[in-house]
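So the chains spell out like this:
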Amino acid sequence: MPPQTRIDTSRPHPARVYDYMLGGKDHYPVDQELGERLPAFLRTGAQQNRAFMRRAVAQAARAGIRQFLDIGTGIPTEPNLHQIAQRVAPKARVVYADYDPIVLRHAEALLVSAPEGATDYIQADVREPDGILDHARSFLDFEQPVALSLIALLHFVVDAEDPYGIVRTLVAALPSGSRLILSHASLERFPDSTSELASTYASRISSQSRTREEVARFFDGLDLVAPGVVTAPEWHQDDADAPEPSAVYVGVARKP
């Protein structure tokens, strides 16, 4: 299935709704309308998710990872993943992949690398992981560890599309010492909102909430980094205050 090239502004799109919730400007009225109808905990979750990504990528770079494969990149929002990694390790190399044509239009922002490092972009769908891996191998050294980033992506891959098989295929291609950085939306802690979201978000954008246990399955066979699969604010949050409730489960794991 070839990647989409036309931007449909008549229907809300997850990347643009997410951009709205992050306070960005690359969305349309239909996306803003849906975003304003979502409960506050989801808008907060978008911010919590982005903060987790920054912490997890910086930690991976400090641990010696110098290569990153980011699938489901979304509309560029500074600091982008490569900027975070290259602040720690200027020679870091990053491959971005996303299916959304609006991200392709903004890909130039993702390609402004530090002089010592490099970035690349491919328009591709996570549901076709072999194509992404083939492209990534032309840019990254798969003999050395790679951090695979799947941020706020897999809740858009429903069970019928075999999300666990997709992740297994991606992780299997990576060498020992690689990392999986993953976040996933969940309504497990907000059951009273399930029916409301079914009539607003889920009726317009295909998605699937998963429990903490179901999210943890994505890390099967890997060594979870402490504190394991937790909500986004609970993962190495610097703030000493009690973490806010969150609709985002996250985790980082190392491939043995």
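Further up the page is the structure itself.
Now for a description of the structure that goes with this document. (Residues numbered from 1 in each chain as written. Predicted model: local features only at pLDDT ≥ 70, side-chain atom pairs only at ≥ 80, totals over all residues. Heavy atoms only, no water.)

Focus on the side chain of Asp19
The residue Asp19 is located in helix α1 (residues 14-21) in this model. An unpaired buried charge is present at Asp19: no salt bridge exists, and Arg16, the closest side chain of opposite charge, is 8.2 Å distant. At a separation of 2.9 Å, a polar atom in the side chain of Asp19 contacts the side chain of His27. Ignoring any residue separated from it by four or fewer positions in sequence, one finds Asp19 in contact with Gly24, Lys25, Asp26, His27 and Ile75. (Helix = DSSP H or I, 4+ residues; strand = E, 2+ residues; numbered from the N terminus. Buried < 20%, exposed > 50% of the residue type's maximum accessible area, 1.4 Å probe, protein only. Lys, Arg positive; Asp, Glu negative; His and termini not counted. Salt bridge = Lys/Arg side-chain N within 4 Å of Asp/Glu carboxyl O. Polar contact = N/O pair within 3.5 Å; in protein donor to acceptor, adjacent residues only side chain to side chain. Contact = heavy atoms within 4.5 Å.)

Observations regarding unusual backbone geometry
Residue Pro79 follows Glu78 across a cis peptide bond; omega there is 0°. Mapped onto the elements, Pro79 comes out in the loop between β1 (67-71) and α4 (81-88). Cis geometry marks the peptide bond from Ala226 to Pro227, where omega comes out at 15°. Topologically, Pro227 is positioned in the loop between β6 (223-224) and β7 (230-231). Look at Ala152: it is not a glycine, yet its phi comes out positive at around 50°. Along the polypeptide, Ala152 turns up in the loop between β4 (147-150) and α8 (163-172). In the Ramachandran plot, Asp162 falls in the positive-phi region, its phi being about 60° despite a non-glycine side chain.

Points about empty space enclosed by the protein
Considering all chains together, one arrives at two cavities of 30 Å³ or more under this definition. The volume enclosed by the largest cavity comes to roughly 60 Å³. Around the largest cavity, the lining residues are Ala15, Tyr18, Asp19, Leu22, Arg50, Thr73, Gly74, Ile75 and Thr77. Ranked by residue count, the leading element in the lining of the largest cavity is α1, at three residues. The computed volume of the second largest cavity comes to approximately 30 Å³. Around the second largest cavity, the lining residues are Val171, Leu174, Ser178, Arg179, Leu180, Leu222, Ala253, Arg254 and Lys255. For the lining of the second largest cavity, the secondary-structure elements that each account for two or more residues are β5 (179-185) and β8 (248-254). For the lining of the second largest cavity, the residue count by class is five nonpolar, one polar and three charged. (1 Å grid on protein atoms, 1.4 Å probe; cavity = no way out; pocket = protein on both sides within 12 Å on 5 of 7 lines; lining within 4 Å. Points joined across faces, edges and corners; volume = space filled by probe spheres on them. Nonpolar A, V, L, I, M, F, W, Y, C, P; charged D, E, K, R; others polar.)

Quick notes on the pattern of salt bridges
Here the structure, examined in full by the defined rule, presents five salt bridges. The shortest N-O distance in the salt bridge between Arg16 and Asp31 comes to 2.6 Å. Of the two residues, Arg16 is situated in helix α1 and Asp31 in helix α2 (residues 29-37); the sequence distance between them amounts to 15 residues. We classify Arg16 as buried; its relative accessible area is 2%.

With respect to α4
For α4, every residue scored as buried is listed here: Leu81, His82, Ile84, Ala85 and Gln86. Elements in contact with the buried residues of α4: α3 (40-62), β1, β2 (93-98), α6 (107-110), β3 (118-123) and β4.

Function cannot be inferred from these measures alone, as they are strictly geometric.
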